[in-house]
Amino acid sequence: MASLQQKEIADTKSKKKALELGPLESVFPCSTSKILDFMITFSDWDYSITDIGKNSGLSFKTGFDEVKKLESQGILVKNRVVGKAILYKLNVKSKHVQDIMKLAWNIAKNRANIEEKSSTTKKKSGGKK
């Protein structure tokens, strides 16, 4: 029988993020960016700390710490309680969140344009560099 520690390591390795590489994470590779990318992409819904961490590719502890920091800054807000779980939502009314969303959008557009130019160049040159 596998020990609890071995099971936790296996669970960590099998975690799948909701996004492969979000726009903010591509420029600012940190836990906060992973959470912001996830919460911006899925801003219509609310999530528990466990779900935020899991979908951002983070451990529960890191997710908990980051959510608390983002909540204290008014970026995330408590939306409702289901059982013992507190569900958080992106505070889209916040000027800071609106600015972060604009930044994420601009980074995503820039990445898409670069990828489009790169694929167009490859087609013109017959796939050769």
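Note that this is a predicted model, so its numbers are computed, not measured.

Undergrad: Pulling in residues and values, what's your account of the environment of Gly57?
TA: Among the secondary structure elements, Gly57 is positioned in the loop between helix 4 (49-56) and helix 5 (60-72). Taking the relative accessible area as the measure of exposure, Gly57 reaches 31% and is therefore partly exposed. Sequence-wise, Gly57 and Ile35 are 22 residues apart; in three dimensions their C-alpha atoms are separated by 8.7 Å.

Undergrad: Quick rundown of the pattern of salt bridges? Include the residues and the values.
TA: Using the criterion set out here, one finds 6 salt bridges in the structure. Where Lys78 meets Glu71, a salt bridge forms, and the shortest distance between an N and an O atom there is 3.8 Å. On the basis of relative accessible area, Lys78 is assigned to the partly exposed category, the value being 47%. Of the charged contacts in the structure, one is a salt bridge between Lys95 and Asp99, with a shortest N-O distance of 2.9 Å. Residue Lys95 and its partner Asp99 are located together in helix 6 (residues 95-124), separated by 4 residues, close to a single helical turn. Taking relative accessible area as the criterion, Asp99 reaches 35% and is therefore assigned partly exposed. Put simply, Lys68, Glu71 and Lys78 are held in one network by salt bridges that share partners.

Undergrad: Describe the nonpolar core, naming the residues involved and giving the relevant values.
TA: Core analysis: the biggest nonpolar cluster contains 19 residues, and Ile35, Met39, Ile52, Val67 and Leu90 have the highest contact counts within it. Breaking this core down by element, the ones donating at least two residues are helix 3 (31-41), helix 4, helix 5, strand 2 (85-90) and helix 6. With residues up to four places along the chain from it excluded, the contact list for Leu90 reads Met39, Ile40, Ser43, Ile75, Leu76, Val97 and Met101.

Undergrad: Now, about the confidence of the model for the protein chain: what can you tell me, with residues and values included?
TA: Taken residue by residue, the protein chain gives an average pLDDT of 85. The fraction at 70 or more is 78%. Between residues 1-14, whose pLDDT stays under 50, and residues either more than four places distant or in other chains, the model counts 0 contacts.

Undergrad: Lay out the side chain of Glu25 in plain terms, naming residues and giving numbers.
TA: Note that Glu25 resides in helix 2 (residues 23-27). Given the relative accessible area of 11%, Glu25 is considered buried. Apart from the residues lying within four places of it in its own chain, the contact partners of Glu25 are Lys17, Glu20, Ser33, Lys34 and Asp37.

Conventions adopted
- Residues numbered from 1 in each chain as written.
- Predicted model: local features only at pLDDT ≥ 70, side-chain atom pairs only at ≥ 80, totals over all residues.
- Heavy atoms only, no water.
- Helix = DSSP H or I, 4+ residues; strand = E, 2+ residues; numbered from the N terminus.
- Buried < 20%, exposed > 50% of the residue type's maximum accessible area, 1.4 Å probe, protein only.
- Salt bridge = Lys/Arg side-chain N within 4 Å of Asp/Glu carboxyl O.
- Core = buried A, V, L, I, M, F, W, Y, C linked by side-chain atoms within 4.5 Å.
- Contact = heavy atoms within 4.5 Å.
- pLDDT = per-residue confidence, 0-100.

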